[in-house]
Amino acid sequence: MKAVFLSTLTLWSSIEAFTPSITNTNRRSTTYLNSDARIPIEESSSRQDDDESEIQWDLFKKHHAKGSYKGLWTSYNYIGDVVDEVVASVNLDYDEENDTIEQSHTIVVGATKADCATCFDTFETKVIPVAKYTSNDLRKIRLGSIGMVSGPTLMRSGAMATELILSHGDGRIRVVFQHAPVWAADVEPGSGPPSGLKLFRTLVSREALRDEPPTFESETATPPTDGNPTFSRGVPPFTWHKEWAGTSWTWGPQAGNKGWQMDRMEEADAWHGRPTGDGPNVWNLRLPGGILLHCPRVVSNDEAGIFRLAWMPTEETLVRMEVSIMALQPMIMEDETLVGFYPPSLGSLRCDTMTKIGDLPDLPRFIDQEKDTILPKSEEELKLEGDDSAWQ
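A short tour of the structure in this document, coming up.

What counts, and at which threshold
- Residues numbered from 1 in each chain as written.
- Predicted model: local features only at pLDDT ≥ 70, side-chain atom pairs only at ≥ 80, totals over all residues.
- Heavy atoms only, no water.
- Core = buried A, V, L, I, M, F, W, Y, C linked by side-chain atoms within 4.5 Å.
- Buried < 20%, exposed > 50% of the residue type's maximum accessible area, 1.4 Å probe, protein only.
- Helix = DSSP H or I, 4+ residues; strand = E, 2+ residues; numbered from the N terminus.
- Pairing = 2+ DSSP bridges.
- Phe/Tyr/Trp six-rings, centres within 6.5 Å; stacked < 30°, edge-to-face > 60°.
- Lys NZ or Arg CZ within 6 Å of the ring centre and 35° of its normal.
- Salt bridge = Lys/Arg side-chain N within 4 Å of Asp/Glu carboxyl O.
- Contact = heavy atoms within 4.5 Å.

## Some points on the nonpolar core
For step 1, the next point in the chain: Membership of the largest hydrophobic core comes to 57 residues, with the highest contact counts inside it found for Phe 60, Phe 307 and Val 323.
For step 2, the next point in the chain: Core analysis: the second largest hydrophobic core is formed by 12 residues, Trp 244, Leu 292, Ala 310 and Met 312 among them.

In structure tokens form, the structure reads like this:
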């Protein structure tokens, strides 16, 4: 599977032009972005490989290592049902003296509700150390602008986890896709190498640097300030279909980090407006708050698996992330004997930070803002109509 990027792009000569708060208008040429970001279209004169760790470390500190992100971790199964919810926080604490970042998770394992109006609820928590990072050791983390990918990582169970994160203001969307080994229908499971890795669970966390997790109740009581996302708002489908422009960060093993100015987004590149994806092997989930997820139903060694996360933190802002993953690549001896698989690896990364510049001249044919009424359906209505849109 290949991602097709057909937007009008301009390569920026400074990689720092990628970060949203930095302005750099030193453009070099108009071109099309290669689909997998692996073949350099034009060499960037900004920073060389010697500064790669510095680039990654600066992005980590600037956009993510800012404190305790409190959120509600919601897990979905393959058909989109909620199977688990946990109140927890991701703590990313920067030690300026030692120039390190320590990650830990605080999980709420119990709660006692107060029985009087002037009392407070109490919570029992458990802190789980995760990792300590330095500029020369980010493990399997790679960053691009406001986006971060961790993995793909093999778990003890044999499953593969791929984590995508987008940051905006005081909030983040964090998604963990988990794929487990599967075998063809005529093969006994475990009797030989797996045929692929099938999605079985997806964790989504709406998290923010706030006193409590962002929920409808908390955001109603204390509305987010300007520049920070509102996670609980409704986003009608036609809101995605706008004219967008902004910057794009790409990375590939050969091309390295590159920055681009996107003056206009072509329809073929606007995958965020196609919620079901571009093929039958795309699993998708659209959630309140302007969140869209794409990933392979089954990852195989035939093609790169494309993982996507799109988020509209505000009505005027669209941020997107797309990565390709290679997995189950066979390790074959000289006598053509299969001895195992190479570890899964990151093939490419792209992160877009876009701003709405206008409305499209013609809305897609399936959208009518005048006639469409975007209202949630009750469980009874879904059962009566046999409507499966809840899984889209």
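## Considerations on the pairing of strand β15 (residues 291–296)
Each regular strand displays side chains that alternate between the two surfaces of the sheet.
For step 1, the next point in the chain: In terms of residue burial, β15 counts as a mostly covered element, since six of its six residues are buried.
For step 2, the next point in the chain: Alignment of strand β14 (residues 282–287) against β15, held across six bridges, turns out to be antiparallel. Each bridged residue has a counterpart across the sheet, and for Leu 285 the counterpart in β15 is Leu 293.
For step 3, the next point in the chain: Here β14 folds back onto β15, and the loop between the two strands holds three residues, one of which, Gly 289, carries a positive phi near 90°.

## What about the packing of aromatic side chains?
A ring pair, where both rings are aromatic, is described by two values, the distance of the centres and the angle of the planes.
For step 1, the next point in the chain: This model, assessed by the stated rule, comprises four aromatic pairs.
For step 2, the next point in the chain: In this structure, Arg 172 is placed above the aromatic ring of Tyr 69, and the distance from its NZ or CZ to the ring centre is 4.3 Å.
For step 3, the next point in the chain: One Lys or Arg, Lys 198, reaches over the ring of Tyr 78 and ends 4.8 Å from the middle of that ring.

## Concerning the pattern of salt bridges
For step 1, the next point in the chain: This model, assessed by the stated rule, comprises 17 salt bridges.
For step 2, the next point in the chain: The partner of Glu 316 in a salt bridge is Lys 356, with the nearest N and O atoms 3.5 Å apart. Placement of the pair is Glu 316 in the loop between β17 (305–314) and β18 (317–326) and Lys 356 in strand β21 (residues 345–359), with a sequence separation of 40 residues.
For step 3, the next point in the chain: Glu 316 sits in the partly exposed class, given a relative accessible area of 39%.
For step 4, the next point in the chain: One salt-bridge network, in which partners are shared between bridges, spans Glu 163, Arg 172, Arg 174 and Glu 207.

## Focus: unusual backbone geometry
For step 1, the next point in the chain: With an omega dihedral of 5°, the bond running from Gly 151 to Pro 152 counts as a cis peptide bond.
For step 2, the next point in the chain: Here Pro 152 lies in strand β8 (residues 147–154).
For step 3, the next point in the chain: Located in the positive-phi region is Ser 145, a residue other than glycine, with phi close to 55°.
For step 4, the next point in the chain: Locating Ser 145 in the fold gives a position in the loop between β7 (141–144) and β8.
For step 5, the next point in the chain: Residue classification places Ser 145 among the buried residues on the basis of a relative accessible area of 1%.
For step 6, the next point in the chain: Located in the positive-phi region is Leu 328, a residue other than glycine, with phi close to 60°.
For step 7, the next point in the chain: Relative to the assigned elements, Leu 328 resides in the loop between β18 and β19 (330–332).
For step 8, the next point in the chain: With a relative accessible area of 11%, Leu 328 lands in the buried category.

## Details of the environment of Thr 153
For step 1, the next point in the chain: Along the chain, Thr 153 turns up in strand β8.
For step 2, the next point in the chain: Taking the relative accessible area as the measure of exposure, Thr 153 reaches 33% and is therefore partly exposed.
For step 3, the next point in the chain: C-alpha of Thr 153 to C-alpha of Gln 178: the two residues are 25 residues apart in sequence and 9.6 Å apart in space.
For step 4, the next point in the chain: Residues in contact with Thr 153, not counting those within four places in the same chain, are Lys 140, Ala 159, Met 160 and Ala 161.

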